[in-house]
Amino acid sequence: MRLPFAGIGRNLRELARAYAGKASPPASSEEDVPVAAILGAQVLPGGRASKTLRARVRHAARLYAEGRVSLLVPTGGLGEYPPSEAEIMARILREEGVPGEAVLQEDKALNTWDSARYVTRMMRERGVREVLVVTDPLHCVRTVAAFEAAGLKARAQPVYSSPMWRNPWMRLGQFVRESGAIVWYGIRHGIGSPYRR
């Protein structure tokens, strides 16, 4: 098996562009992508949503309110503190006025790769071929690549209101982490490799 160095390099360049604020724009409202997957983030003690998680969910709720999507898929399993990330997100979506029938939880994923695989499986069962992925701007690069490697076309829907973007030090920290994660996902899962399939 050949290592996906070209794909890793491409994803790292896209990450650098995103960090510099030159990422590709999110999917426009004219494009018909009726499903949005919301990537999980930290749940705090007492089952409280972190600011990052709350920002992602509110962004997704706005997409629903604007009629951009008809189904929201919060994805994320049980972390250090219960309940699952997906359950917390579903609760916030209800608080934001999203009806229960517009929410489909995926509550097993423990990382981005799991989310990509599990959501892809769920969407295939429903005949869905493409999703928007709602997450922090720098996380979008790896998330889109992971979903596409799992077999589902994905378009980034970056959450610029997230503290992971708004705080310069947190943004830098996430840039460093995402750089390493892109390399790891490329080697471990073949993400970005033209030889993957």
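Rules used throughout
- Residues numbered from 1 in each chain as written.
- Predicted model: local features only at pLDDT ≥ 70, side-chain atom pairs only at ≥ 80, totals over all residues.
- Heavy atoms only, no water.
- Core = buried A, V, L, I, M, F, W, Y, C linked by side-chain atoms within 4.5 Å.
- Buried < 20%, exposed > 50% of the residue type's maximum accessible area, 1.4 Å probe, protein only.
- Helix = DSSP H or I, 4+ residues; strand = E, 2+ residues; numbered from the N terminus.
- Contact = heavy atoms within 4.5 Å.
- Phe/Tyr/Trp six-rings, centres within 6.5 Å; stacked < 30°, edge-to-face > 60°.
- Lys NZ or Arg CZ within 6 Å of the ring centre and 35° of its normal.
- Pairing = 2+ DSSP bridges.
- Axes fitted to C-alpha atoms, helices over the stretch in contact; angles between N-to-C directions.

A. Inspection of the nonpolar core at higher detail. One finds Ile-38, Leu-53, Leu-72 and Leu-93 to be the most contacted residues of the largest nonpolar core, which totals 25 residues. Every element with two or more residues in this core is listed here: β1 (35-39), α2 (51-65), α3 (85-95) and β5 (130-135). If you tally residues by element for this core, the top one is α2, at six residues. Sequence-distant contacts of Leu-53, defined by excluding residues within four places in its chain, comprise Leu-39, Gly-40, Ala-41, Gln-42, Val-43, Ile-88 and Met-89. Within the second largest apolar cluster, 24 residues are counted, among which are Leu-104, Ala-145, Ala-149 and Ala-154.

B. Region of the structure containing the packing of aromatic side chains. According to the stated counting rule, one finds two aromatic pairs in the structure shown. Their ring planes at 75° and their centres at 5.3 Å tell us that Tyr-160 and Trp-165 sit as a pair that is edge-to-face. Looking at Trp-165, the relative accessible area reads 11%, which means it is buried. When the ring centre of Tyr-118 is taken as origin, the NZ or CZ atom of Arg-117, which lies over that ring, is 5.1 Å away. Here the basic side chain of Arg-142 rests over the ring of Tyr-185, its NZ or CZ set 4.7 Å away from the ring centre.

C. Region of interest: unusual backbone geometry. Geometrically, the link from Pro-82 to Pro-83 is a cis peptide bond, its omega value of -5° lying close to zero. The residue Pro-83 is located in the loop between β4 (71-75) and α3 in this model.

D. Just the sheet that holds β4, in detail. An order of β4-β1-β5-β6 is seen for the four strands of this open sheet, with the pairing classed as parallel. Each edge of the open sheet carries a strand with a single partner, namely β4 and β6 (153-158). Here the strands of the sheet are splayed against their neighbours by 30° on average, with no regard to which way each runs. Sheet topology places β1 next to β4; five bridges connect them, and they run parallel. Pairing of Val-35 across the sheet is with Leu-71, part of β4.

E. Summary view of the pairing of β1. Burial within β1 is extensive, with five of its five residues counted as buried. Of the two faces of β1, both are covered, the one formed by Val-35, Ala-37 and Leu-39 as well as the one formed by Ala-36 and Ile-38. Summarising the sheet, β1 and β5 pair through three bridges and their orientation is parallel. Looking at β5, one finds that Ala-37 is bridged to Val-133.

F. A look at α3. Taken as a whole, α3 has its buried residues at Glu-85, Ala-86, Ile-88, Met-89, Ala-90, Ile-92 and Leu-93. Buried-residue contacts for α3 involve β1, β2 (43-44), β3 (48-49), α2 and β4.

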